[in-house]
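One-letter residues, chain by chain:
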Amino acid sequence: VLLAVSRLPSPCAGDFDPETLAAELASARSLWAAVGPSPSYAFKLERSCFCLEEYRGPFQVRVEGDTVDDVQFLATDLADKEVSEELRRDIPTVEGLFAIVEKEIGRNPVPAGLN
């Protein structure tokens, strides 16, 4: 199911159509709802950005209810390091990931002529 989130089309991959992206997001949300997420689950999160490695991860995220309960680094050079409270507050649940994707689709930040 989490693959559904990671398989959403990326503007970096050239698919900038907001309607297509919204349909893919709806499909991923439906898949997540169909599985019926348990009260607790874990997933791997890795960000793609021009930022510090501590922010990119990868992370092992554990969720209890609707709250991120624990975050651990998975990167070998960070595995012994503790995730800061500031960074921990910025790690979303799966539902939070869906909300982030939805917000970005709504922004449609792609310059004219690129889509």
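For the structure itself, look to the data block above.
Model, not experiment: these values are computed from the prediction.

Let's shift gears to the state of the cysteines. Two cysteines, two sulfur atoms, one covalent bond between them: this is a disulfide. Enumeration according to the criterion identifies one disulfide in this entry. Here Cys49 pairs with Cys51 through a disulfide, and the sulfurs are 1.8 Å apart. The exposure class of Cys49 is partly exposed, given its relative accessible area of 30%. On the basis of relative accessibility, which here comes to 23%, the residue Cys51 falls in the partly exposed class.

Turning to the side chain of Arg88, a few remarks are in order. Tracing the backbone shows Arg88 in helix H4 (residues 85-89). In this structure Arg88 comes out as buried when scored by relative accessible area, which is 17%. Setting aside its immediate chain neighbours within four residues, Arg88 contacts Asp69, Asp70, Val71 and Val83.

The end-to-end C-alpha distance of helix H2 (residues 18-35), which contains 18 residues, comes to 26 Å, matching closely the 26 Å that a straight helix rising 1.5 Å per residue would cover. Taken residue by residue, H2 has Leu21, Leu25, Ala28 and Trp32 as its buried positions. Seen end-on, H2 carries its buried residues on one side only, within an arc spanning 60 degrees. Pointing more than 90 degrees away from the buried face of H2 are the exposed residues Glu19, Ala33 and Ala34. Immediately beyond the C-terminal end of H2, within one or two residues, lies Gly36, with a positive phi of roughly 65 degrees.

With that settled, consider the pairing of strand E3 (residues 67-73). In this structure, strand E2 (residues 59-64) lies alongside E3, joined through six bridges in antiparallel fashion. Bridge pairing in E3 links Glu64 to Thr67. The loop that links E2 with its antiparallel partner E3 comprises two residues; one of these, Gly65, has a positive phi angle of about 65 degrees.

The next thing to look at is the environment of Leu45. With respect to the secondary-structure elements, Leu45 resides in strand E1 (residues 40-45). When the C-alpha atoms of Leu45 and Gly57 are compared, they prove to be 7.1 Å apart, with twelve residues separating the residues in sequence.

The step from Gly57 to Pro58 runs through a cis peptide bond, and the omega angle for that step is 15 degrees. Within the fold, Pro58 resides in the loop between helix H3 (53-56) and E2.

The strand order across the open sheet formed by three strands is E1-E2-E3, and the pairing between neighbours is antiparallel. Across the chains shown, the open sheet's two edge strands, defined by having one partner strand only, are E1 and E3. Across the sheet, the mean angle from the axis of one strand to that of its neighbour is 20 degrees, orientation sign disregarded.

Reading the values: rules and limits
Residues numbered from 1 in each chain as written. Predicted model: local features only at pLDDT ≥ 70, side-chain atom pairs only at ≥ 80, totals over all residues. Heavy atoms only, no water. Disulfide = S-S within 2.5 Å. Buried < 20%, exposed > 50% of the residue type's maximum accessible area, 1.4 Å probe, protein only. Helix = DSSP H or I, 4+ residues; strand = E, 2+ residues; numbered from the N terminus. Contact = heavy atoms within 4.5 Å. Expected span 1.5 Å × (residues − 1). Arc of directions from axis to C-beta. Pairing = 2+ DSSP bridges. Axes fitted to C-alpha atoms, helices over the stretch in contact; angles between N-to-C directions.

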